[in-house]
Amino acid sequence: VAPFMIGAAQEEASRRGSRVDFVLADVLAYDLGAARFDLAAFLGNTVSDFALDSFARLAANVNRALKRSGRFAIHYLDGLQPFVKGSYRKEGVQQEEPVRITHRFKEYLPERGAYVEVYRNEAPGETFEYTSYVYTPPVVRLLVGRMFTLEESFSISEGSFLDIFLKR
């Protein structure tokens, strides 16, 4: 979705003298190889992009790709918290610059554990429907715990978690 982020990460790794391999691919289809990586990191609540069955396939793909005792770091938001606390905004402005993008809640899909929002780029009037899957700590740990052991969990802020799993 954002290949420019790979370029920015490569530049930062080079600046720091880090040796890091970056791969731009569909994580569900791309063969990451066997026992190749020490760490796989999913940051920025990217798990909400995956339906439960897809996330389970993703975890299996990561498991195959990690070396023995490799780590799988997952940052995610408790997807229920904004609804329970009443802080979820049903519509609003996502960003103002460089273009104004607005969003509004469309529907909840209980059979899929997801909700749909409509994003609108106000300049050309383009709209895009986005489905967010709702994850909570027990769900993440249940799906990943079949192949990994929870090593550490950090509460980054209210409703935001970073779980570090160790490959069994």
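Placed above this text is the structure.
Reference entry: report on the structure contained in this document. (Residues numbered from 1 in each chain as written. Predicted model: local features only at pLDDT ≥ 70, side-chain atom pairs only at ≥ 80, totals over all residues. Heavy atoms only, no water.)

On to the pairing of strand β8 (residues 160-167), then. Of all the 8 residues making up β8, 6 are buried; the element is thus mostly covered by neighbouring parts of the structure. Here 7 bridges tie strand β2 (residues 66-77) to β8, and the two strands are oriented antiparallel to one another. Of the residues in β8, the one forming a bridge with F72 is F165. Relative to β8, strand β7 (residues 148-157) is paired through 8 bridges, and the arrangement is antiparallel. Across the sheet, the residue bridging to F154 is L162, located in β8. Remark: 2 residues form the turn of the hairpin made by β7 and β8, two consecutive strands paired antiparallel; G159 in that turn has positive phi of roughly 80°. (Buried < 20%, exposed > 50% of the residue type's maximum accessible area, 1.4 Å probe, protein only. Helix = DSSP H or I, 4+ residues; strand = E, 2+ residues; numbered from the N terminus. Pairing = 2+ DSSP bridges.)

Attention now goes to the nonpolar core. If you look at soluble globular proteins, the nonpolar side chains tend to sit buried side by side. Within the largest apolar cluster, 26 residues are counted, with the highest numbers of intra-cluster contacts made by F55, V62, F72, I74, Y135, V144 and F148. Secondary-structure elements contributing two or more residues to this core are β1 (37-42), α2 (52-65), β2, α4 (137-144) and β8. Examining the composition of this core, we find that 5 residues originate from one element, α2, more than from any other. (Core = buried A, V, L, I, M, F, W, Y, C linked by side-chain atoms within 4.5 Å.)

Strand pairing in a sheet relies on backbone hydrogen bonds. The paired strands run either parallel or antiparallel. An order of β3-β4-β5-β6 is seen for the 4 strands of this open sheet, with the pairing classed as antiparallel. For this open sheet the edge positions go to β3 (91-95) and β6 (126-133), each flanked by a neighbour on one side alone. Strand-to-strand twist across the sheet, computed as the mean angle between neighbouring axes with direction ignored, equals 30°. Pairing analysis gives 8 bridges linking strand β4 (residues 101-109) to strand β5 (residues 114-121), with the strands arranged antiparallel. From the neighbouring strand, L109 faces β5, where its bridge partner is A114. (Axes fitted to C-alpha atoms, helices over the stretch in contact; angles between N-to-C directions.)

Attention now goes to the packing of aromatic side chains. A full pass over the atoms with the stated rule returns 10 aromatic pairs. Both rings, one in F83 and one in Y88, keep their centres 4.6 Å apart while their planes meet at 25°; by these two values the pair is stacked. For F83, a relative accessible area of 35% puts it in the partly exposed group. Centre to centre, the rings of Y88 and Y115 are 5.7 Å apart; their planes meet at 75°, and the pair counts as edge-to-face. One end of the pair, Y88, is in the loop between α3 (81-85) and β3; the other, Y115, is in strand β5, with 27 residues separating them in the sequence. A relative accessible area of 13% means that Y115 is categorised as buried. (Phe/Tyr/Trp six-rings, centres within 6.5 Å; stacked < 30°, edge-to-face > 60°.)

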